[in-house]
Amino acid sequence: MSTTALDVRNLAKTYDGHGRDVEAVRDLTFRVDRGELVCVVGPSGAGKTTLLRCVAGLLDSSGGTVHLDGVPVTGPPAGMAVVFQEYGRSLFPWLTVRGNVGLPLKEKGLDRPTRAAKVDAALAAVGLCDSADAHPWQLSGGMQQRVAIARAVAYEPSVLLMDEPFASVDAQTRAELEDLVRDLWQDLGVTVLFVTHDIDEAVYLGQRVLVLSNRPTVVLEDVRVDLPTARDQLRTRSSPAFAAARNRVYELVQRAKQGHRPLPRATGARAMSTGTTAEG
Amino acid sequence: MTRRALVALGLPVVLVATWWVLSAGSTSFFWPPLSAIVAAFPTTWTADPIAHDVLPSLARLTAGYLVALVVGVAAGVAIGSDRVLRALCEPVLEFLRAIPPPVLVPVIALFAGYTGSTTKVVTIALGCLWPILLNTVEGVRSLDEVLRDTARSYRLGRLTTLRQVVLRGSSPRIAAGARQALSVGVILMVISELFGADRGLGAAVVRFQRGFAIPQMWTGIILLGLLGVALSGLFRLVEHRTLAWYRGLRQAEREV
Amino acid sequence: MTGAVTAPRASRGRIPEPALGVLGLALLVAVVEALPRLGLVDGRFLPPATAMLGELGHQLRLAEFWVAAGQTLGGWALGLALAVVAGVVVGVVIGGVGFLRAVTASTIEFLRPIPSVALIPLVVLVHGSRPESALVLVVYAAFWQVLVQVLYGVADVDPVVRDTARSYRFSRWTVVRAVVWPTALPYVVTGFRLAASVALILEVTAELIIGVPGLGRSIGVAQSSGAVTQTYALVIVVGLLGVAVNTSARFVERRALRWHTSVRRDL
């Protein structure tokens with residue numbers, strides 16, 4: 001009924017270390033609407049990965065709730081797909097590209113023709129039709145990450161989580177993959193939560209950028225990116241609006257690094273207030 | 001191709017030829033001429049010893065090895081998947097592995113005497129178990145965390161995760177353990193037959209030795225050697241087919 | 001519904017792993033103690049753990065036990081030393097010469113899987129139950145472990161380094177000493193570790209099967225004379241010896257490889 005796809009409220013995570021508890025995430029509250037593309041940035045060690053693993057249901061939180069399509073997340077939920085940073089380690093090396101993309105579909109119980117059609121469509125969407133029968137380790141890093149994206153796309157998730165997916169590919173490939181994510185998002189209407197440490201990437205991709213504080217993490221600010229839907233590596237990145245948004249986020253991350261934190265109440269209220277999508 | 005075959009076969013041919021020539025005029029009791037050994041082959045290994053010595057030995061080896069493979073992989077997956085269980089078992093396994101497998105023979109003999117096939121199969125299975133078990137534990141333990149997370153986030157069921165992720169992922173280590181176990185198995189197959197008046201390939205060789213049928217003993221030794229080589233070749237064939245992905249992966253990693 | 005809110009869990013008191021290991025050993029002892037005491041296993045075949053350990057303590061006070069232990073360790077050490085030296089020399093020579101490597105590859109692959117026990121009848125004929133019998137088996141089995149590792153090691157020499165050495169017109173001996181040996185050393189150490197445990201297994205096996213003096217023969221004698229508790233006590237000793245050999249070999253390996261940056265795959 002609601003337009004909210006992902007609803008994170010007062011999420012907290014404390015790791016029990018050796019005799020000393022480490023509070024990684026203190027109080028995170030934000031929402032992602034259906035069809036939105038939201039990026040999360042923060043200083044290194046800001047608990048970005050902890051946040052993502054809690055949202056993905058891979059890690060038990062110590063407090064707060066995560067709802068996906070109104071259903072509480074207690075383990076990995078059905079409508080969620082994750083693309084990990086370590087592309088080389090998230091693909092099954094003993095399966096072909098086709099096998100990697102198809103395995104989750106097989107587990108869903110889809111019959112063979114449906115599966116084949118979806119796999120082919122997903123591989124076509126990421127431009128990998130020719131490599132369907134190769135093994136992941138025969139491909140370049142960027143192509144391997146395309147396979148991981150194809151697997152996520154074929155799974156037809158309600159929300160696609162991406163954990164610094166392009167942190168370990170070269171700059172040229174990275175730009176191509178960023179555009180691929182934008183294209184897939186627009187074509188398929190999938191909701192994307194994209195975690196990155198790269199401020200430019202966050203601004204270029206996102207409709208909104210959530211800036212996290214340093215540890216223990218809270219949302220420092222929810223920045224709306226006022227850029228046109230059609231984005232272009234050259235023109236968008238050199239536009240004044242991009243520069244403005246980039247500077248704003250950069251400043252916030254710098255402040256986060258210096259330990260600046262919002263007042264506890266204000267964070268929640270602010271993040272909650274930006275529920276609607278408005279795009280230029 | 002012919003060049004490679006020449007290089008591969010060259011030395012073995014030279015060695016055998018050297019043996020043949022050097023031993024040709026041998027009058028030494030222990031080192032009969034190779035020609036005499038070869039001549040003894042067809043008369044020694046006729047249908048009867050093949051049916052009553054060779055085949056039962058191979059059957060016991062197969063049975064013991066397969067039991068060890070199934071039990072070792074199952075227990076290895078269970079222990080490898082659980083941190084507490086692993087820590088609990090580690091020193092115990094370390095100790096049990098360090099006991100030389102042939103020492104199992106007198107221990108098993110205490111329980112049931114050392115006659116019949118079952119005790120031999122048990123000996124082989126117990127000896128083969130440790131390398132398989134320990135390598136499986138190590139393979140499962142070192143399975144990539146990201147692969148596990150991937151399997152979980154795509155909600156792969158327990159059975160699919162076990163079959164497609166855990167077993168496939170640890171298969172290179174399991175294969176390494178299975179290869180070690182195979183040579184242990186052949187050794188125990190022979191040793192288990194040295195106790196008591198039994199029949200079997202190992203028992204036959206000792207029978208020839210005790211009866212001072214030296215050329216016949218030599219045929220038995222050569223047959224055991226050929227068996228070891230054949231089994232290792234068979235294993236490589238299976239490994240070559242099932243672990244092609246692993247070889248490719250390793251090569252790709254090396255080239256980076 | 002409520003599952004979403006994971007209550008803040010109290011920090012679980014994690015038991016450290018060494019403590020768990022000790023617990024595991026204690027459990028093993030307890031099970032072995034309980035099985036015969038409860039009558040689940042005939043005590044004549046499996047005496048309680050305390051009886052085994054008591055017998056073990058008794059053995060440790062006997063001169064003949066120490067003689068046997070000395071014979072076993074002596075045979076092991078001599079065989080291991082011979083195998084390591086032979087393996088290294090043959091390995092460096094074969095590995096360093098491309099022609100030899102190509103020609104011997106198939107022969108090594110053929111000879112390696114020949115089970116060492118196939119040689120038992122032969123060594124019995126030639127040497128009887130003298131220590132030489134055990135020595136032949138130990139050296140044969142341990143040699144392959146070292147040789148194969150050394151061959152891996154020599155093959156691992158960086159071709160660029162080799163070319164550099166050649167371009168500076170290093171002598172063959174200098175190349176071996178300055179280029180091949182440092183690269184192969186970690187593999188040699190790994191071969192030593194593998195050979196150390198194989199050598200002990202073969203030494204005890206030879207003693208048990210052929211009757212070469214040592215702990216293995218003591219086990220055989222104890223078993224055939226019906227000294228059940230003593231059999232177990234000696235098996236425990238041999239197991240502990242094996243653990244000691246494995247642990248110290250691994251320690252040596254780690255010490256020797258501390259400077260070595262790349263962590264190689266355990267073979």
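Residues numbered from 1 in each chain as written. Chains lettered and ligands numbered in written order. Predicted model: local features only at pLDDT ≥ 70, side-chain atom pairs only at ≥ 80, totals over all residues. Heavy atoms only, no water.

### A short note on the overall build of chain C
The test is simple: The helix count covers DSSP runs of H or I at least four residues long, the strand count covers runs of E at least two residues long, and both are numbered beginning at the N terminus. The size measure is the radius of gyration over C-alpha atoms, and the globule rule it meets is 2.2 Å times the number of residues to the 0.38 power. Partly exposed residues are those whose accessible area sits between 20% and 50% of the maximum for their type, while under 20% is buried and over 50% is exposed, using a 1.4 Å probe and protein chains only. In this analysis, two residues are considered to be in contact whenever any of their non-hydrogen atoms come within 4.5 Å of each other. Computed with the Shrake-Rupley method and a 1.4 Å probe, the accessible areas treat only the protein chains shown as cover for residues. Neither His nor the chain ends is counted toward charge; the positive residues are Lys and Arg and the negative residues Asp and Glu. Charge positions come from single atoms, namely NZ of Lys, CZ of Arg, CG of Asp or CD of Glu.
A count of helices and strands for chain C gives ten helices and zero strands. Helices (α) and strands (β) of chain C occur, in sequence order from the N terminus, as α-α-α-α-α-α-α-α-α-α. In terms of overall dimensions, chain C is more spread out than a globule: its C-alpha atoms have a radius of gyration of 24 Å, far above the 18 Å expected for 267 residues. Expressed along its principal axes, the backbone C-alpha trace of chain C runs to roughly 75 × 75 × 35 Å. In chain C, buried positions account for 45% of the 267 residues. Put simply, 72% of the contacts in chain C that link residues at least 6 apart link residues at least 24 apart. Here chain C displays about 13500 Å² of accessible surface, and carbon together with sulfur accounts for 67% of that area. Both charge centroids of chain C, one from 22 positive and one from 14 negative side chains, sit 8 Å from each other.

### Observations concerning the overall build of chain A
Helix and strand counts for chain A come out as ten helices and ten strands. A globule of 280 residues ought to have a C-alpha radius of gyration of about 19 Å, and chain A, at 19 Å, matches this closely. Sorting the 280 residues of chain A into buried and exposed places 56% on the buried side. A separation threshold of at least 6 residues defines the contact pool for chain A, and within that pool the share at least 24 residues apart is 73%. Accessible surface computed for chain A: about 11400 Å², of which carbon and sulfur atoms make up 51%. For chain A, the distance from the average site of its 32 positive side-chain charges to the average site of its 33 negative ones is 4 Å.

### Notes on the packing of helix α2 (residues 34–44) of chain B against helix α10 (residues 214–242) of chain B
All names here are of chain B. As a reminder, the rule being used: Whenever a helix is involved, its axis is fitted only over the stretch in contact; in every case the axis is a line through C-alpha atoms, and angles between N-to-C directions fall within 0 to 180 degrees. Orientation is classified from the angle alone, with under 35 degrees giving roughly parallel, over 145 giving roughly antiparallel, 65 to 115 giving roughly perpendicular, and any other angle giving oblique. For this scheme, ten residues count as nonpolar: Ala, Val, Leu, Ile, Met, Phe, Trp, Tyr, Cys and Pro. Four count as charged, namely Asp, Glu, Lys and Arg, and the remainder, Gly too, count as polar.
As a packed pair, α2 and α10 sit with axes 8 Å apart at the nearest point and diverge in direction by 80°. The angle between α2 and α10 places the two elements in the roughly perpendicular class. Between α2 and α10, the residues in contact are A36, I37, A40, F41 and T44 and P215, Q216, W218, T219, I222 and L223, respectively. Grouping the amino acids of the contact of α2 with α10 by side-chain chemistry returns eight nonpolar, three polar and no charged.

### Structural notes on the domain arrangement of chain A
All names here are of chain A. Heads up, the rule is: The start and end points of each domain follow an automatic or database-based domain assignment. Each of two parts loses accessible area, computed with a 1.4 Å probe, when they are put together; buried area is these two losses added. What counts as a salt bridge is simple: a side-chain nitrogen of Lys or Arg found within 4 Å of a carboxyl oxygen of Asp or Glu.
Assigned domains within chain A: domain 1 (4–79 + 158–273) and domain 2 (91–156). A C-alpha centroid distance of 26 Å is found between domain 1 and domain 2. Taken together, the contacts link 14 residues of domain 1 with eleven residues of domain 2. Together, the buried faces of domain 1 and domain 2 total about 900 Å²; carbon and sulfur atoms form 74% of this surface. Broken down residue by residue, the surface that domain 1 buries against domain 2 is led by L177, L180 and L184, which jointly contribute 39%. Taken together, domain 1 and domain 2 are joined by one salt bridge. For the salt bridge of E176 with R146, the shortest nitrogen-to-oxygen distance reads 3.6 Å. Counting only elements with at least two residues in the side of domain 1 that touches domain 2, the list comes to β7 (159–163) and α6 (171–188). Along the lines of polarity and charge, the residues of the side of domain 1 that touches domain 2 split into eleven nonpolar, two polar and one charged.

### Thoughts on the interface of chain C and chain B
For interface size, the figure often reported is the accessible area lost on association. Threshold: Each polar contact in these results corresponds to two N or O atoms within 3.5 Å; when the atoms are within protein, one needs to be able to donate a hydrogen and the other to accept it, and residues that are neighboring in sequence are counted only if both atoms are side-chain atoms.
Counting residues at the interface gives 51 residues for chain C and 49 residues for chain B. For the pair chain C and chain B, the summed buried area comes to about 4600 Å², and 78% of that belongs to carbon and sulfur atoms. Note that E94 of chain B and R250 of chain C form a salt bridge whose closest N and O atoms lie 2.7 Å from each other. Along the contact surface separating chain C from chain B lie three residue pairs in polar contact (both at pLDDT 80 or more). The element contributing the most residues to the side of chain C that touches chain B is helix α10 (residues 228–256) of chain C, with twelve residues. For the side of chain C that touches chain B, a count of residues per class yields 34 nonpolar, twelve polar and five charged.

### So, the UniProt feature "transmembrane region" (unreviewed entry) in chain C
Residue and element names in this part refer to chain C. Quick reminder of the rule: UniProt positions are given in the numbering used here, feature names are shortened, and annotations may be inferred rather than shown by experiment.
Within the UniProt annotation, "transmembrane region" (unreviewed entry) is assigned to residues 76–103, 110–128, 134–154, 175–202 and 232–252. The distance separating the terminal C-alpha atoms of residues 76–103 is 32 Å; by composition the span is 96% helix and 0% strand. Measuring from the first to the last C-alpha atom of residues 110–128 gives 28 Å, for a span that is 53% helix and 0% strand.

### Notes on the sheet that holds strand β6 (residues 80–83) of chain A
All names here are of chain A. Inclusion rule: What makes two strands pair is DSSP finding at least two bridges between them.
Strand order in this open sheet of ten strands is β5-β4-β1-β2-β10-β9-β3-β8-β7-β6, and the pairing throughout is mixed. Looking along the sheet, the strands with just one partner apiece sit at the ends: β5 (71–72) and β6. Sheet topology note: the strand β2 (residues 21–33)/strand β10 (residues 217–224) ladder contains two bridges and is parallel. Opposite V25, over in β10, you have T217 as the bridge partner.

### Here we look at the nonpolar core
Side chains that are nonpolar tend, in soluble globular proteins, to be buried together. We apply this condition: Put simply, buried Ala, Val, Leu, Ile, Met, Phe, Trp, Tyr and Cys residues joined by side-chain atoms within 4.5 Å make one nonpolar core.
Membership of the largest hydrophobic core comes to 196 residues, with the highest contact counts inside it found for I149, V209, V211 and V249 of chain A together with L215 of chain C. Among the elements that line this core, the one with the most residues is helix α8 (residues 172–210) of chain C, at 15 residues. Residues lining this core come from more than one domain, with at least three contributed by each of domain 1 (4–79 + 158–273) and domain 2 (91–156) of chain A. Setting aside chain neighbours within four positions, we find V249 of chain A in contact with V41, I199, V203, V209, V211 and V223 of chain A.

### Comments concerning the packing of aromatic side chains
Put simply, the rule is: Centres within 6.5 Å are what make two rings of Phe, Tyr or Trp a pair, Trp counting through its six-membered ring; a difference in plane orientation under 30 degrees is then read as stacked, over 60 as edge-to-face, and the rest as tilted. Two thresholds decide whether a charge sits over a ring: the Lys NZ or Arg CZ must be within 6 Å of the ring centre and within 35 degrees of the ring normal.
All chains considered together, the criterion is met by eleven aromatic pairs over all chains. Centroid distance F65 of chain C to W66 of chain C: 5.2 Å. Interplanar angle 80°. Geometry classified as edge-to-face. Judged by relative accessible area, which is 5%, F65 of chain C ranks as buried. Aromatic ring contacts, followed pair by pair, group F92 and W94 of chain A together with W245 and Y246 of chain B into a single cluster. The positively charged end of K13 of chain A is found above the aromatic ring belonging to Y15 of chain A, 5.3 Å away from the centroid. The ring of Y155 of chain A is capped by K108 of chain A, whose NZ or CZ atom sits 4.4 Å from the centre of that ring.

### Description of the side chain of E55 of chain C
Residue and element names in this part refer to chain C. Looking at the element boundaries, E55 is found in helix α2 (residues 49–60). Of the side chains with opposite charge, R61 lies nearest to the buried E55, which makes no salt bridge, at 8.6 Å. Ignoring anything within four residues of it in the chain, the contact list for E55 reads T229, Q230 and A233.

### Things to note about the confidence of the model for chain A
Residues and elements named next belong to chain A. Heads up, the rule is: For every residue, the predictor reports its confidence as pLDDT, a number between 0 and 100.
Taken as a whole, chain A shows an average pLDDT of 85; of its residues, 92% reach a score of 70 or greater. Mean pLDDT across the elements of chain A ranges from a minimum in helix α10 (residues 264–273), with 45, to a maximum in strand β8 (residues 191–195), with 93. Here residues 266–280 is modelled with pLDDT under 50, and outside its nearest four sequence neighbours on either side it reaches 30 contacts, counting other chains as well.

### Regarding the UniProt feature "domain: ABC transmembrane type-1" (unreviewed entry) in chain C
The UniProt feature table records "domain: ABC transmembrane type-1" (unreviewed entry) at residues 69–253 of chain C. The span residues 69–253 of chain C is 86% helix and 0% strand, and its two end C-alpha atoms sit 25 Å from each other.

### A look at the interface of chain B and chain A
On the side of chain A, 27 residues touch chain B, which itself brings 20 residues to the contact. Where chain B abuts chain A, roughly 2300 Å² becomes buried across the two surfaces, and 64% of that area is made up of carbon and sulfur atoms. Where D144 of chain B meets R89 of chain A, a salt bridge forms, and the shortest distance between an N and an O atom there is 2.6 Å. For the side of chain B that touches chain A, the elements supplying multiple residues, two or more each, are α7 (145–153), α8 (158–192) and α11 (244–255) of chain B. Looking at the side of chain B that touches chain A element by element, the count peaks at six residues for α7 of chain B. Its residues assigned to classes, the side of chain B that touches chain A shows eight nonpolar, seven polar and five charged.

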